[in-house]
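# Observations on chain architecture
Residue-level listing of the chains:
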Amino acid sequence: MDFLPVPNGIDYLSEVVARFARPDAEVSPRDLKYAVLHLQAATEVLVKARLQIEHWSLVVKDVSKCTKEKYDRGEFESATVAESMRRLADMVGVPVGKADREAVEELAKLRNRLQHWGLQETVALVEKRAASVLDFLMRFVDEHLLPALGDEQVTAMQAEMDAVRRGVRDIGTFVEARRTRLRDELKAFANTTVQCPSCHEWALVVKQEDSRCFFCPRAWENSEHLAYAYAETFETMSIEDHVSSGDCPECWTGALIVGVRTAAAPGQPIDMCFNCTEVFTGLRLCSCLAYFVPQGGEDICRRCWDMHLELNGMA
């Protein structure tokens, strides 16, 4: 057997997703039981893996009773999950919100009751608590654990992590938990929040640099690639459909989308550039198939007008 901490934790997550990512009617009490047990194990392993990356002593309950040699042999008592979460925030600097900390603590109580005393609880409650922890773990892995690993390790786990992400999208309780949290977090960015071409959630915040979906999470460094993906996925009209240059009237990049729907007003499409985030009113299509904003009732864009003046000796 060869299960290093991070691959081991991801393997536990795969088991959780396999038991949850199916129609509700097919999720059995046994599925819930093992999903809870595996999710608790995944939480403990992955959080401690991040502590270990910082320093091995952060994993040990009482470092005064442990040496590096004993640690390497596994001859030590590790810190509790609650203590590990505290160290994650206080000693590593990973932000851990109160809601996430409480969700992990509640899952630990649920797991202890389930494993040692038996558990009589509603399926909905178990799913809700598990979904909240799964939401935290996916954010934690993507934002704070994988970036701390080497490229080779991340590449080796990419296929399994992609499978976990796909499965997570099928888990109704997880989706709802994440939607509820993001609805409040992204309220201030509603005017530039659109549906994500990857997961179709209203969680993609368009920025001048590094637009990112807060649900999947997928990031786009290239605004033109994002504009093309959005137009193709949601069958809207893009400047790319008409001309190869695709210039935005403001920043001259091929990232203008005509008919963007934002979280602020989904029923009122707007015209917005995915590069400079400029919103245009009154766009018109020139005979050269470039969009422009008329300044004084013009019928053609500025470049065509300049060319007209030059050809007629009026420049």
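Predicted model, so just to flag it, every value in this text is computed and none were measured. (Residues numbered from 1 in each chain as written. Predicted model: local features only at pLDDT ≥ 70, side-chain atom pairs only at ≥ 80, totals over all residues. Heavy atoms only, no water.)

A word on the overall build of the protein. The secondary structure content of the protein amounts to 10 helices and 10 strands. For the protein, whose C-alpha radius of gyration is 25 Å, the value lies well above the compact-globule estimate of 20 Å for 315 residues. Across its three principal directions, the C-alpha atoms of the protein cover 90 × 45 × 35 Å. For the protein, with 315 residues in total, the buried portion stands at 43%. Nonlocal contacts in the protein, meaning residues at least 24 apart in sequence, comprise 52% of its contacts between residues at least 6 apart. For the protein, the accessible surface area stands at approximately 17,100 Å², while carbon and sulfur atoms represent 49% of it. (Helix = DSSP H or I, 4+ residues; strand = E, 2+ residues; numbered from the N terminus. Rg over C-alpha atoms; globule rule 2.2 N^0.38 Å. Buried < 20%, exposed > 50% of the residue type's maximum accessible area, 1.4 Å probe, protein only. Contact = heavy atoms within 4.5 Å. Areas by Shrake-Rupley, 256 points an atom, 1.4 Å probe, with all protein chains shown as cover.)

Let's shift gears to the nonpolar core. Core analysis: the largest hydrophobic core is formed by 85 residues, its most contacted members being Leu-13, Leu-39, Leu-137, Phe-140, Phe-174 and Phe-274. Sorting elements by how many residues they give to this core places helix α6 (residues 123-145) first, with 11 residues. In contact with Phe-140, other than residues within four places in its own chain, are Leu-46, Val-47, Arg-50, Leu-88, Val-94 and Leu-145. (Core = buried A, V, L, I, M, F, W, Y, C linked by side-chain atoms within 4.5 Å.)

Turning to the side chain of Asp-271, a few remarks are in order. With respect to the helices, strands and loops of the structure, Asp-271 is situated in strand β7 (residues 265-273). Here Asp-271 sits buried without a salt bridge, and the closest side chain of opposite charge, Arg-261, lies 10 Å off (N-O distance). Polar side-chain contacts of Asp-271 include one of 3.2 Å to the backbone nitrogen of Gly-259. Excluding residues within four positions of it along the chain, Asp-271 makes contact with Ile-257, Val-258, Gly-259, Glu-278, Val-279, Phe-280 and Leu-283. (Lys, Arg positive; Asp, Glu negative; His and termini not counted. Salt bridge = Lys/Arg side-chain N within 4 Å of Asp/Glu carboxyl O. Polar contact = N/O pair within 3.5 Å; in protein donor to acceptor, adjacent residues only side chain to side chain.)

This brings us to helix α4 (residues 81-90). Val-81, Ser-84, Met-85, Arg-87 and Leu-88 are the residues of α4 that are buried. Looking straight down α4, one finds that the buried residues subtend no more than 165° of arc, so they occupy a single side. (Arc of directions from axis to C-beta.)

Across the protein, the average pLDDT comes to 84, with 90% of residues at or above 70. Mean pLDDT across the elements of the protein ranges from a minimum in strand β5 (residues 237-238), with 52, to a maximum in strand β1 (residues 193-195), with 96. Confidence drops under a pLDDT of 50 for residues 238-245, and excluding neighbours within four residues, the segment shows 20 contacts in the predicted structure. (pLDDT = per-residue confidence, 0-100.)

So, on to the pairing of strand β2 (residues 202-205). Pairing of β1 with β2, which is carried by 3 bridges, proceeds in the antiparallel orientation. Bridge assignment links Thr-193 to a residue of β2, and that residue is Val-205. Once β1 ends, the chain turns through 6 residues before running back antiparallel as β2, passing His-200 with a positive phi of about 65°. (Pairing = 2+ DSSP bridges.)

All right, on to the environment of Ser-28 then. Within the fold, Ser-28 resides in the loop between α1 (5-20) and α2 (29-54). Assessed through its relative accessible area of 26%, Ser-28 is described here as partly exposed. Taking the C-alpha atoms as reference points, Ser-28 and Leu-145, separated by 117 residues in sequence, lie 31 Å from one another.

What follows concerns the pattern of salt bridges. Under the counting rule described, the total for this entry stands at 23 salt bridges. In this structure, Arg-50 engages Glu-54 in a salt bridge whose closest nitrogen and oxygen atoms are separated by 3.2 Å. Of this pair, Arg-50 and Glu-54 both sit in helix α2, 4 residues apart, roughly one helical turn. Classification of Arg-50 by relative accessible area gives buried; the value is 12%. By relative accessible area, Glu-54 is classed as partly exposed at 39%.

The next subject is unusual backbone geometry. One non-glycine residue, Asp-210, lies in positive phi territory at about 55°. Since its relative accessible area comes to 45%, Asp-210 is described here as partly exposed.

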